[in-house]
Amino acid sequence: MAGAPELDPGVAEGVGRTALMVAAARAIETHRPDSLVRDELAEHFVRAAPASAGWPVRPDQVPGDGADPLWDRLGRYFGLRTRVLDDHLLRSTAAGVRQVVLLGAGLDSRAFRLGWPPGCVVHEIDTAAVLAFKQAVLDRSGAVPAADRRPLAADLRHDWADALTGAGFDPAVPTAWLAEGLLLYLPAAAERRLMATVDRLSAAGSTLAYEIKRVTESPEVLASPVYTTAKQRIAVDMPALFDPDPRPDSAAELTRRRWSVSVRTPYDFTRHHGRGPLPEPDDALAVNRWIFARTTRS
């Protein structure tokens, strides 16, 4: 793309590069005849970055006639995950929540594409590099947010609560929190701190959704086509980015802190929507869990 914004290494490499991968999956999903999600901005992000400018953004650009492990299987997973977490946020706002925090927002375009109620504030927290690239693309596309969007550059491995409240976040009112594709990459200690911070800042009626991998994956799973194809084709080595330490049981900790918690598999939602990935041998998605929680304290 001529005149594309300068791409900071924080977006071109490592976890930042996964944001481009997910954006490409959303772009492809947008153009499927049975699409679960429409995200017109996703293609703009992918095409603006030199690292991803040649990646597919439409189904007819994907090889393998519907059987590609990267853009079909993993891409379908990201499309399904996006829809399910969209629904979580919209249910929260339908119940009266007007404050949303996207933790590790990446190239998420929810502030622009969802039907937010009047008065809704959407805080997006990510690294300065990701947010700078994102804003450059948004400015070029002329995108107008559908809510009061407030980007915040912060490192979620450390303390970010003061910066969030400084951006206008009000811990006295209910919040819908979302950590999509974040905790997989955080050290266990950082996950514990993040969950404690979310709990401390959550008024009665707050909700939280996040994604985890329940256990460490076997060598056979780590060698599955989903992972190897992503590494070979787009230089995204997901297993190398996952934190290797045993994961904390954040769902149990939230229950102890008086949250009502539901643990679901992606395949629960494949069945619900009638489309999405299905189980397979040495499955890279088998240990993924989507967690949905709501405060129960008054």
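Residues numbered from 1 in each chain as written. Predicted model: local features only at pLDDT ≥ 70, side-chain atom pairs only at ≥ 80, totals over all residues. Heavy atoms only, no water.

1. Some words on the sheet that holds strand S3 (residues 148-153)
At step 1: Spatially, the 7 strands line up as an open sheet ordered S3-S2-S1-S4-S5-S7-S6, and their pairing is mixed. Two strands lie at the open edges of the sheet, namely S3 and strand S6 (259-264), each paired on one side alone. Each neighbouring strand pair of the sheet contributes to a mean axis angle of 15°, computed without reference to strand direction.
At step 2: Packing against the sheet, helix H4 (residues 69-94) makes contact with strand S1 (99-103), strand S4 (176-179), strand S5 (207-213) and strand S7 (288-295), and its axis sits at approximately 5° to S7.
At step 3: Seen against the sheet, helix H8 (residues 188-200) touches S1, S4, S5 and S6 and runs at an angle of roughly 170° to S5. (Pairing = 2+ DSSP bridges. Helix = DSSP H or I, 4+ residues; strand = E, 2+ residues; numbered from the N terminus. Axes fitted to C-alpha atoms, helices over the stretch in contact; angles between N-to-C directions. Contact = heavy atoms within 4.5 Å.)

2. Description of the nonpolar core
At step 1: Within the largest apolar cluster, 66 residues are counted, with the highest numbers of intra-cluster contacts made by Met-21, Trp-71, Leu-74, Phe-133 and Met-238.
At step 2: With sequence-adjacent residues up to four places away left out, Trp-71 is seen in contact with Met-21, Ala-24, Ala-25, Ile-28, Arg-32, Trp-55, Pro-56, Val-62, Arg-76, Arg-233 and Ile-234.
At step 3: Grouped together as the second largest cluster of nonpolar side chains are 28 residues, Leu-152, Ala-154, Trp-177 and Leu-183 included. (Core = buried A, V, L, I, M, F, W, Y, C linked by side-chain atoms within 4.5 Å. Buried < 20%, exposed > 50% of the residue type's maximum accessible area, 1.4 Å probe, protein only.)

3. Observations concerning the packing of aromatic side chains
At step 1: Evaluated as defined, the whole model comprises 9 aromatic pairs.
At step 2: Taking the centre distance of 5.7 Å and the plane angle of 65° together, the rings of Tyr-77 and Phe-78 count as edge-to-face. Judged on exposure class, the residue Tyr-77 and its partner Phe-78 are both buried. (Phe/Tyr/Trp six-rings, centres within 6.5 Å; stacked < 30°, edge-to-face > 60°.)

4. Concerning the confidence of the model for the protein chain
At step 1: Across the protein chain, pLDDT averages 93, with 97% of residues at or above 70.
At step 2: Scored below 50 in pLDDT, residues 1-7 makes 16 contacts in the model with residues more than four places away or belonging to other chains. (pLDDT = per-residue confidence, 0-100.)

5. Digging into the side chain of Asp-108
At step 1: One can find Asp-108 in the loop between S1 and helix H5 (110-113).
At step 2: For Asp-108, a relative accessible area of 6% translates into the label buried.

6. Considering the packing of H4 against helix H10 (residues 225-234)
At step 1: At a minimum axis distance of 9 Å, the contact between H4 and H10 shows a crossing angle of 125°. Considering the angle they form, H4 stands oblique to H10. The hand of the H4/H10 crossing is left-handed. Seen from H4, the contacting residues are Pro-69, Leu-70, Trp-71, Arg-73 and Leu-74; seen from H10, they are Pro-225, Val-226, Thr-229, Ala-230, Arg-233 and Ile-234. (Parallel < 35°, antiparallel > 145°, perpendicular 65-115°, else oblique. Left-handed = near helix turned anticlockwise from the far one by under 90°.)

7. Some points on the pattern of salt bridges
At step 1: The tally for this structure, following the rule as stated, stands at 30 salt bridges.
At step 2: In this structure, Asp-155 and Arg-157 form a salt bridge, with 2.8 Å as the shortest nitrogen-oxygen distance.
At step 3: Judged by its relative accessible area of 28%, Asp-155 is partly exposed.
At step 4: With relative accessibility at 42%, the residue Arg-157 sits in the partly exposed group. (Salt bridge = Lys/Arg side-chain N within 4 Å of Asp/Glu carboxyl O.)

8. Regarding helix H6 (residues 128-141)
At step 1: An ideal rise of 1.5 Å per residue puts 20 Å on 14 residues; H6 measures up with 20 Å between its terminal C-alpha atoms.
At step 2: Along H6, the residues that are buried comprise Ala-129, Val-130, Leu-131, Phe-133, Lys-134, Val-137 and Leu-138.
At step 3: Phi for Gly-142, located one or two positions after H6, is positive at around 75°. (Expected span 1.5 Å × (residues − 1).)

9. Focus on unusual backbone geometry
At step 1: In the Ramachandran plot, Arg-258 falls in the positive-phi region, its phi being about 70° despite a non-glycine side chain.
At step 2: Residue Arg-258 is classed as exposed on the basis of its relative accessible area, which comes to 51%.
At step 3: A positive phi angle, near 50°, is found at Asp-282, a position not held by glycine.
At step 4: Residue placement: Asp-282 occurs in the loop between helix H13 (266-273) and S7.

10. Some words on the environment of Pro-59
At step 1: Tracing the backbone through its elements, the reader meets Pro-59 in the loop between helix H3 (42-48) and H4.
At step 2: Looking at Pro-59, the relative accessible area reads 28%, which means it is partly exposed.
At step 3: Taking the C-alpha atoms as reference points, Pro-59 and Ile-212, separated by 153 residues in sequence, lie 28 Å from one another.
At step 4: With near-sequence residues (within four places) excluded, Pro-59 lies in contact with Ile-28, His-31 and Arg-32.

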